[in-house]
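Chains, contacts and geometry: an overview
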Amino acid sequence: TPFEKEGTITIEAKYRSLISNQIQIKINPKSIALATSISLTPTEKTISVGQEFTLTAKIVPENTTDKTVTYVSKNSEIATVTSDGVVKGIKEGTVNITAETYHNHLKATTTIIVKYIPVTSVKLNVSSEVTLKKGETTTIVATVLPSNASDKTVSYKSDNPNIATIDNNGIV
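As a starting point, this report considers the structure included with it. Values in this document were obtained by computation on a predicted structure and should not be read as measured data.

Once that is clear, we can look at a nonpolar patch on the surface. On the surface, a nonpolar cluster with roughly 320 Å² of combined accessible area is contributed by I9, I11, I23 and I25. Listing elements by their share of the nonpolar patch, those giving two or more residues are β1 (7-15) and β2 (19-27). Note that I9 resides in strand β1. We classify I9 as partly exposed; its relative accessible area is 39%.

Structure follows, in structure tokens:
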């Protein structure tokens, strides 16, 4: 752990042997405020496959000198976590994610439950019939429900491409 011993160090920066500059740094480990606790919010959360959210780590005391936190997923096949605490559901299951303080290795854990949420319906932004003149276009927008469905991928297809086609963006 850095700053365990008291003392003074000199840092020198040189450019070849022509130009240099020095600075003295005094180290006083007693002036460092270490964390006394860490907590994570939420402590448990259910998400869908593909869903992301950000964990919030609270470190006490407020004046802790170094609030660096490391996040680790116990099973990244179920959910991953970034260095910023962004959790993403990968596949169904339950996993613990741990946050750990840098200096004194305090830990807090949250439980993430990842579920596959199936699509129940697809709604279109137009009525059942649209009339277009030759050369006109319209855009069909599909809304997948529920909004937290695990896979909201939509594809479009015309049953008669000799009359009209539709692209991947829903443009007829």
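There's plenty left to go through after this.
Moving on to the environment of S37. Structurally, the position occupied by S37 is in strand β3 (residues 37-41). Considering only alpha carbons, one finds S37 and T109, 72 residues apart in sequence, at a separation of 12 Å.

Moving on, we come to the sheet that holds strand β10 (residues 93-101). Read from one edge to the other, the open sheet built from four strands follows the order β4-β11-β10-β7, with strand pairing classed as mixed. Strands at the two margins of the open sheet, each flanked by one partner only, are β4 (44-48) and β7 (69-73). Ignoring which end each strand starts from, the neighbouring axes of this sheet average 25° apart. Looking at chain direction, β10 and strand β11 (residues 107-115) are connected through eight bridges and run antiparallel. Residue pairing across strands places T98 opposite T109, the latter belonging to β11.

With that out of the way, let us pick up the packing of aromatic side chains. Under the definition given, this model contains zero aromatic pairs. If you follow K45 out to its NZ or CZ, it ends over the ring of F53, 5.1 Å from the centre.

Turning our attention to the pattern of salt bridges. Opposite charge on two side chains makes pairing possible when the charged atoms of those side chains draw close. Taken as a whole and assessed by the stated rule, the structure comprises two salt bridges. Its salt-bridge partner being K91, residue E77 comes within 3.9 Å of it at the nearest N-O pair. Residue E77 is located in the loop between β7 and β8 (79-81), and its partner K91 is located in the loop between β9 (86-89) and β10; the two are separated by 14 residues in the primary sequence. Judged by its relative accessible area of 52%, E77 is exposed.

Within this structure, the stated rule accounts for one cavity of 30 Å³ or more. Taken as a whole, the largest cavity encloses approximately 30 Å³ of empty space. What lines the largest cavity is simply L34, A35, T64, D66, T68, T101, Y102, H103 and N104. Looking at the lining of the largest cavity, its residues break down into three nonpolar, five polar and one charged.

Right, let's get into the environment of T131. Tracing the sequence through the fold places T131 in the loop between β12 (121-124) and β13 (142-145). Judged by its relative accessible area of 68%, T131 is exposed.

Take the pairing of β7 next. Where burial is concerned, the two faces of β7 differ: the one with V69, Y71 and S73 is buried and the one with T70 and V72 is not. As paired elements, β7 and β10 share five bridges and run antiparallel to each other. Its bridge partner being in β10, V69 is matched across the sheet by T101.

The next subject is the side chain of T101. Within the element layout of this structure, T101 appears in strand β10. Among the polar contacts listed, one links the side chain of T101 to the side chain of N104, at a separation of 3.1 Å. At 2.9 Å, the side chain of T101 forms a polar contact with the backbone nitrogen of L106.

What counts as what
Residues numbered from 1 in each chain as written. Predicted model: local features only at pLDDT ≥ 70, side-chain atom pairs only at ≥ 80, totals over all residues. Heavy atoms only, no water. Patch = residues over 30% accessible without salt bridge, like charges linked within 9 Å, V, L, I, M, F, W, Y side chains within 5 Å. Areas by Shrake-Rupley, 256 points an atom, 1.4 Å probe, with all protein chains shown as cover. Salt bridge = Lys/Arg side-chain N within 4 Å of Asp/Glu carboxyl O. Helix = DSSP H or I, 4+ residues; strand = E, 2+ residues; numbered from the N terminus. Buried < 20%, exposed > 50% of the residue type's maximum accessible area, 1.4 Å probe, protein only. Pairing = 2+ DSSP bridges. Axes fitted to C-alpha atoms, helices over the stretch in contact; angles between N-to-C directions. Phe/Tyr/Trp six-rings, centres within 6.5 Å; stacked < 30°, edge-to-face > 60°. Lys NZ or Arg CZ within 6 Å of the ring centre and 35° of its normal. 1 Å grid on protein atoms, 1.4 Å probe; cavity = no way out; pocket = protein on both sides within 12 Å on 5 of 7 lines; lining within 4 Å. Points joined across faces, edges and corners; volume = space filled by probe spheres on them. Nonpolar A, V, L, I, M, F, W, Y, C, P; charged D, E, K, R; others polar. Polar contact = N/O pair within 3.5 Å; in protein donor to acceptor, adjacent residues only side chain to side chain.

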